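Summary of the model geometry
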Amino acid sequence: MKQAAPLIITNARLVTPRGLVAGAIRLDSGVIAQLGSEAVPDEGEKVLDAGGKLVSPGLVDLGVFAVDKPAFHFGGITRAALMPDQSPPLDYPSRVNYIAKSGKPDLWVHPLAAATRGLEGVELAEIALMKEAGARGVATGRRWIADSGVMLRLMQYAAMLDLVVVTHAEDAGLVGEAAATAGEIATRMGLPSAPAEAETLALARDIALAEMSGARVHFRQVTTAAGFDLVRSAKARGVNITCGITPAHFMLSDLATVDFRTFARLSPPLRSETDRQAACAAIGEGVVDVISSGHDPRGPEDKRLPFADAEPGMAGAETVLAMTLNLVRDGVIGMDRVFELLSTNPARILGVPAGALEPGLEADIAVVDPDAPWIVDRSKMEATADNTPFDRQGAQGRVRALIKGGVAIDL
Amino acid sequence: MTATPSSNAPGRFPAGRLAFPHAHLTGIGHLERHEILFLLDAAEHWVELNRRGEKREELLAGRTIINAFFENSTRTLLSFEIAGKRLGADVVNMAAATSSLKKGETLIDTAITLNAMRPDAIVMRHGSSGATQLIAQKVDCPVLNAGDGSHEHPTQALLDALALREALRRRGEGSEDFTGLNVVICGDILHSRVARSNVLCLQAMGAKVRLCAPPALMPAGIEAMGVTPYSDFDAALDGVDVVMMLRLQSERMAGHFIPSEREYHHLYGLTKRRLSAAKPDALVMHPGPMNRGVEIDSEVADMIDRSIITQQVEMGVAIRMACLDVLTRGRRGVEGWA
């Protein structure tokens, strides 16, 4: 393992919690030592010239389904919180322990423990032991927990342990076997569909339970206008909730599924154009706390099938930064907010000392050229599968250098 | 009947392949009005042939057609089989129960396997919407959709159009299309590929379409397809020219969409009394197989002057012959189609 020798990155536009700052940043012993105008290279010190590019915290990807290091590094991701939906599920302390060490040193994986045994939504898993083993949160998995009693007891228990509860907000009864959001597109395609209100119902219940239990609850994906309204008003009341989204739901609507394109089969399904616009507005307004990749690489055995038979999910790690930078170019958010959504907030929710350029935090750093143009090409992806819904789309923003714990990663 | 325009009439359709430039028949949604008319006109020739004693014309002699049915079917499979055989083709049926899908083979692998046997056309039915389109991308021969999930069943809509056009012409009131006609389709719209294909086909032909179903069986956003939705069948029937009833698919009623067949009949069964709300000579259609006493009463289904249900079945063979002929013209080297 390489030693985290002192390194100073000069000629940088630093993305700090107080906005963009021109200057340098010194990394020492794996943490951020100094930044801004006081950081000046010592004689003989190793220097990396950023050439005026952005220097940002490495991305903290909250809620991925696979550990896919090449794709994460391409996308500037230095930490990823892994969903418990693995085979076998992360419902046992030794599995959590194994996963927590799996990416080191150049990628830190933060396991999200299965909330219930086998993710069945019935019996609580050994959450406290899994926390000891390295779990940074508990998650309900791809599905929601239908039994409200189980969900309340889960939240009470997680609140006691101060673990965030990461939940999937779709009412299972309304969703059934649905593969699409009810509406014109699903109707024309003859797809089994569920109303977008499946999200509203799930959010309303879990917000009420969060309020009762005092648990920290993170809704991994909120995707509808009505859903954002619920989150907004709950936050205004002081309920301890956060919410996230992936680029698919603020870049694409259900129109992307026409011609039965299974790479656009997602969970929750793509919504109407109205909801997509509401998602952009909610991000701009600050209702959304986290943007994650939802990285879920799926090969042809899962995707080269009729639409409703295909598995949901997208390989998103490589495109999450470039797609989020679209929001800057569109005037929705500023550059500092990009890294709040991608790094600072997810790190805070997980309780890891990273995600921002601040002295004392882990030296997880990305050098980003925010304007570099490229074309998403599924035949040239780093991910273990090519299921991107953004294939052949133009993108802007590339990671030019990546540092984990003060050590540069070969890209 | 006045001179029937035929597909051979010069200038009526673009020449050769331009008249029907599609490699496959995956849905009515891909077709233009004139392409639908082209298929209907082409089928008229086969209607006449099918009424003769000698019913074979060896257009497809030596050609192989695979009927790949991943979902059970009796009448559509039979209709396609007869259509292929009357054109002289070697027709092979692959039924779901005997397919290797049961052994875990993926649909794509099955398609590649079928393709390797070098068929000249594949007719496919599958329980998942979009399955035919998926297969069409992977094989070298024309693929005909015989029903994919709740998406489309194009030959059913074409045969319905042909049967309706013939019936209107017999009455001397027909033109080549359905401009000015009001049609109501009643039943399980949500799960019905027949309804979707018929909406598209009837509208392309100029008809106004009403849909009628209990709310749980009416798909969301259906108004965007240009139809008028109803839940009150009597209101939906008011003044219509054509009543198209759908089969109540009991096998699709996994969830409890309706309380009972009896209650369904009470609200949505086509009875003679109820039919009186429609135009006095309104035609009655049903894609079959019928649940007599549930969605349609026998005395309506069997009305000689009003029900064209058996004619629909007859037109089915002719339409499928036309589709098989037209879609294989390219590979058969027909002049202007290669």
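Since the structure is predicted, the reported quantities are computational estimates derived from the model, not experimental observations. In this numbering scheme, every chain counts its residues from 1 along its sequence in written order. Numbering of ligands from 1 and lettering of chains from A proceed in the order in which they are written. The predicted origin of the model limits local features to residues at a pLDDT of at least 70 and limits the giving and counting of side-chain atom pairs to 80 or more, whereas totals for whole chains, interfaces and linings rest on all residues. Hydrogens and waters are ignored; side-chain quantities use all the structure's heavy atoms.

Focus: the overall build of chain B
Per the secondary structure count, chain B includes 11 helices and 9 strands. We compute the radius of gyration over the C-alpha atoms and compare it with the globule rule, which gives 2.2 Å times the number of residues raised to the power 0.38. Taking 2.2 N^0.38 as the reference for a compact globule, 338 residues should give roughly 20 Å; the C-alpha atoms of chain B span a radius of gyration of 20 Å, in line with that estimate. For this analysis, residues touch if any pair of their heavy atoms sits within 4.5 Å. Intrachain contacts of chain B at a sequence separation of at least 6 include 72% that bridge at least 24 residues. To measure how exposed things are, a 1.4 Å probe is used in the Shrake-Rupley method; for residues, cover is taken only from the protein chains shown. Accessible surface computed for chain B: about 13700 Å², of which carbon and sulfur atoms make up 51%. Working convention for charge: Lys and Arg count positive, Asp and Glu count negative, and His plus the chain ends are omitted. Working definition for charges: the position is that of NZ of Lys, CZ of Arg, CG of Asp or CD of Glu. Averaging the coordinates of the 37 positive side-chain charges in chain B and doing the same for the 40 negative ones gives two points 2 Å apart. Secondary structure follows DSSP: runs of H or I at least 4 residues long count as helices, runs of E at least 2 residues long count as strands, and numbering of each begins at the N terminus.

A closer look at the overall build of chain A
When helices and strands are tallied, chain A shows 13 helices and 18 strands. The C-alpha atoms of chain A give a radius of gyration of 21 Å, which matches the 22 Å a tight globule of 411 residues would have. Projected onto its principal axes, the C-alpha coordinates of chain A cover approximately 65 × 45 × 40 Å. The cut-offs for exposure are 20% and 50% of the maximum accessible area for each residue type, with area from a 1.4 Å probe on protein chains only; residues under the lower value are buried, those over the upper are exposed, and the others partly exposed. Here chain A, with 411 residues, has 61% of them falling under the buried criterion. Put simply, 70% of the contacts in chain A that link residues at least 6 apart link residues at least 24 apart. Carbon and sulfur atoms make up 51% of the accessible area of chain A, which totals about 15200 Å². Across chain A, the centroid of the 40 positively charged side chains sits 2 Å from that of the 51 negatively charged ones.

With respect to the packing of aromatic side chains
Think of a pair of aromatic rings as described by two things: how far the centres are apart, and how the planes are tilted against each other in angle. All names here are of chain B. Here the aromatic set is Phe, Tyr and Trp, taking the six-membered ring for Trp, and pairing holds for ring centres within 6.5 Å; pairs whose planes are under 30 degrees apart are stacked, those over 60 apart are edge-to-face, and all others are tilted. Overall, the coordinates contain 4 aromatic pairs over all chains when judged by the stated rule. Judged by centre distance (5.2 Å) and plane angle (85°), the ring pair of F13 and F38 falls under edge-to-face. A residue pair is termed long-range when its members are at least 10 positions apart, and F13 in the segment before α1 (33–50) and F38 in helix α1 qualify at 25 residues. Both residues of the pair, F13 and F38, belong to the buried class. With a centroid separation of 5.4 Å and 35° between ring planes, the pair formed by Y264 and Y268 is classed as tilted. Here Y264 pairs with Y268, and both are found in helix α8 (residues 261–268), just 4 residues apart, close to one helical turn.

Details of the pattern of salt bridges
Criterion for a salt bridge: a side-chain nitrogen of Lys or Arg within 4 Å of a carboxyl oxygen of Asp or Glu. Applying the stated criterion across every chain, the model contains 44 salt bridges over all chains. Connected through salt bridges with shared partners, the residues B:R12, B:R33, B:D41, B:E44, B:R165, B:R169, B:E176 and B:D177 form a single ionic network.

A few points about the sheet that holds strand β5 (residues 182–186) of chain B
Residues and elements named next belong to chain B. Paired strands, in this sense, are two strands between which DSSP finds at least two bridges. The strand order across the open sheet formed by 5 strands is β7-β6-β5-β8-β9, and the pairing between neighbours is parallel. Taken across any chain shown, the strands that pair with only one partner, and hence form the sheet edges, are β7 (228–230) and β9 (283–285). Ignoring strand direction, the axes of neighbouring strands in this sheet form an average angle of 20°. One ladder, built from 5 bridges, connects β5 with strand β6 (residues 208–212); its direction is parallel. Each bridged residue has a counterpart across the sheet, and for V183 the counterpart in β6 is V209. In the packing of helix α5 (residues 154–170) onto the sheet, the strands contacted are β8 (242–245) and β9, and the crossing angle to β9 comes to about 160°. Here helix α6 (residues 193–204) sits on the sheet and contacts β5, β6 and β8; the angle it forms with β5, its principal contact strand, is near 175°. Axis definition: a line fit to C-alpha positions, over the contact stretch in the case of helices; interaxial angles, taken between N-to-C directions, run 0 to 180 degrees.

Topic: the interface of chain A and chain B
Interface size is often expressed as the accessible area that is lost when the parts come together. With 15 residues of chain A at the interface, the matching set in chain B holds 20 residues. Both faces combined, the contact of chain A with chain B buries some 1400 Å², and carbon together with sulfur accounts for 59% of it. Across the chain A-chain B interface, the total number found is 0 salt bridges. Pairs of N or O atoms within 3.5 Å make up the polar contacts considered here, provided that, within protein, one atom can donate a hydrogen while the other can accept it, and that residues adjacent in sequence are counted only when both atoms are side-chain atoms. The interface formed by chain A and chain B holds 6 residue pairs in polar contact (both at pLDDT 80 or more) in total. The class makeup of the residues in the side of chain A that touches chain B is 7 nonpolar, 3 polar and 5 charged. As used here, buried area is the combined drop in accessible area, with a 1.4 Å probe, of two parts when they are placed together. Residue classes follow a fixed rule: Ala, Val, Leu, Ile, Met, Phe, Trp, Tyr, Cys and Pro count as nonpolar, while Asp, Glu, Lys and Arg count as charged, and any other residue, Gly among them, counts as polar.

Remarks on unusual backbone geometry
Following A:S267, the chain continues to A:P268 via a peptide bond in cis, the omega torsion being -5°. Residue position: A:P268 is located in the loop between α9 (247–251) and α10 (273–285). In this chain, B:G288 is followed by B:P289 through a cis amide linkage whose omega measures -10°. Of note, B:P289 is situated in the loop between β9 and α10 (298–301). Its identity is not glycine, yet A:F260 carries a phi of approximately 55°, on the positive side. Assignment of secondary structure puts A:F260 in the loop between α9 and α10. Even without a glycine there, the phi angle at A:R392 is positive, about 70°. Inspection of the secondary structure puts A:R392 in the loop between β16 (365–375) and β17 (394–404). The exposed category is assigned to A:R392, whose relative accessible area is 69%.

Re the side chain of B:R210
Residue and element names in this part refer to chain B. Looking at the element boundaries, R210 is found in strand β6. Within the buried core, R210 has no salt-bridge partner, and the shortest N-O distance to an opposite charge, that of D238, equals 5.6 Å. Among the polar contacts listed, one links the side chain of R210 to the backbone oxygen of A236, at a separation of 2.7 Å. Not counting chain neighbours up to four residues away, the residues in contact with R210 comprise V183, V184, I185, T228, Y230, A235, A236, L237, D238 and V240.

Describing the sheet that holds strand β14 (residues 241–245) of chain A
All names here are of chain A. Here we have 8 strands laid out as an open sheet, ordered β6-β7-β8-β9-β10-β13-β14-β15, and parallel in their pairing. Both edges of this open sheet fall to β6 (59–64) and β15 (290–291), since each of them pairs with a single strand only. In the sheet, β6 pairs with strand β7 (residues 77–82) via 5 bridges, with the strands oriented parallel. Looking at the pairing, D61 lines up with A80 of β7.

Focus: the pairing of strand β2 (residues 19–28) of chain A
Residues and elements named next belong to chain A. Two elements, strand β1 (residues 7–16) and β2, share 8 bridges in a ladder whose sense is antiparallel. Bridging across to β2, L7 finds its partner in L27. Between the end of β1 and the start of β2, which pair antiparallel, lie 2 residues. Looking at chain direction, β2 and strand β3 (residues 31–36) are connected through 5 bridges and run antiparallel. Bridge pairing in β3 links A24 to G36.

A short note on the environment of A:G190
Examined against the element boundaries, A:G190 turns out to sit in the loop between α6 (184–189) and β12 (193–194). Residue classification places A:G190 among the buried positions, given a relative accessible area of 3%. For the pair A:G190 and A:A128, spaced 62 residues apart in sequence, the C-alpha to C-alpha distance is 45 Å. If we ignore the near neighbours within four places in the chain, the residues touching A:G190 are B:S129, B:S150, B:H151 and B:R196.

Side note on α1(B)
A helix is expected to span 1.5 Å for every residue after the first. Spanning 18 residues, α1(B) covers 26 Å between terminal C-alpha atoms, matching the ideal 26 Å at 1.5 Å per step. Among the 18 residues of α1(B), 14 are classified as buried, and the element is accordingly described as predominantly covered.

Focus on the packing of helix α7 (residues 197–213) of chain A against helix α8 (residues 225–236) of chain A
Residues and elements named next belong to chain A. Look at α7 against α8: their axes get within 8 Å of each other, and the N-to-C directions meet at 15°. With respect to each other, α7 and α8 are oriented roughly parallel. Crossing handedness for the pair α7 and α8: right-handed. Counting all contacts with α7, which are made through E199, T200, L203, A204 and I207, the residues of α8 involved are A226, G227, L230, V231 and A234. Across the contact of α7 with α8, the residue classes tally to 7 nonpolar, 2 polar and 1 charged. Working definition: roughly parallel below 35 degrees, roughly antiparallel above 145 degrees, roughly perpendicular at 65 to 115 degrees, and oblique for all remaining angles. Crossings are sorted by hand: turned counterclockwise from the far helix by less than a right angle, the near helix makes the crossing left-handed, and turned clockwise it makes it right-handed.

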